[in-house]
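For reference, the chains in residue letters:
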Amino acid sequence: MMLLGAILGTLLGVDGLGEGVLLGVLLAVGVGLGYTGLTGQQITKVDLAGNRISWSTLTRLAASPTVARPVREKALEQLLEAVPQLPSAQQDVAKMAIGALHGGIQYEADVIAALERIQPRAYVGSTAPGAATAAPFDALLRGPNGRAVLVEAKYNSRNGMEAGDLRRVAELQRRLTETDPAYRDAISVLVVNKLTQKASEAAVTLEEESGGRLWVVEWAGPADDQMLRTVLSAALNQT
């Protein structure tokens, strides 16, 4: 346990990590517990629709971008309530990871509210009708020519989104448009609260390489609405 605590202690900046890593951090704090707390009780203080859920299942619900936002928020609330049952050496790391996930969920909600405010006629929802699978993006817009614009919101509370994250989104967009006819001609707009310098440079390269299929814009709140409006208008009216 002491070794695990020391390893997790190196992740005190977890609020700058991606959802996948945050999932790993939260799962790791349960290692060796057998999903039991200090009281010997199973960590299943969660009650969603009358079901008691384990720490690991709860963590996956909270970290999954494909799970409905209210469920993710409820899962985070219950994880936070269960933190005192963890060994004291791991509680601070768990709280940071939970806080980082909550920040990401709130940012997604803020971006979607901005989309509805800026482009109310274009906003559709989260999935294209007739799509083979739910889109791994946060929102779907439709341009006047019917072309899909997929919006993905990414939040980073520390140094900014890294270039590698941008490249992963670009690859995801490429694979989606190759496998699902509903998104064959889709354009992706990545909305981030901030970028590192290297990520800003990578964004320019990725946009050029995509041939207009990927746009990147920094949006931290309503003060950035004009920039978001400019990018969305360009993407929606692209032929």
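Here goes a summary of the coordinates provided. (Residues numbered from 1 in each chain as written. Predicted model: local features only at pLDDT ≥ 70, side-chain atom pairs only at ≥ 80, totals over all residues. Heavy atoms only, no water.)

**Topic: the packing of helix H6 (residues 163–179) against helix H7 (residues 197–210)**
- At a minimum axis distance of 8 Å, the contact between H6 and H7 shows a crossing angle of 25 degrees. One finds that H6 runs roughly parallel with respect to H7. Touching Ala163, Leu166, Arg167 and Ala170 of H6 are Lys198, Ala199, Ala202, Ala203 and Leu206, all from H7.
- Per-class residue counts for the contact of H6 with H7 are seven nonpolar, no polar and two charged. (Axes fitted to C-alpha atoms, helices over the stretch in contact; angles between N-to-C directions. Helix = DSSP H or I, 4+ residues; strand = E, 2+ residues; numbered from the N terminus. Parallel < 35°, antiparallel > 145°, perpendicular 65-115°, else oblique. Contact = heavy atoms within 4.5 Å. Nonpolar A, V, L, I, M, F, W, Y, C, P; charged D, E, K, R; others polar.)

**A look at the pairing of strand S4 (residues 139–142)**
- Taken together, the two bridges between strand S3 (residues 123–125) and S4 define a ladder with antiparallel strand orientation. If you follow Gly125 over to S4, its bridge partner there is Leu140.
- Here S4 runs beside strand S5 (residues 148–154); their pairing, made up of four bridges, is antiparallel. Paired with Leu140 across the bridge in S5 is Leu150.
- Here S4 folds back onto S5, and the loop between the two strands holds five residues, one of which, Gly146, carries a positive phi near 85 degrees. (Pairing = 2+ DSSP bridges.)

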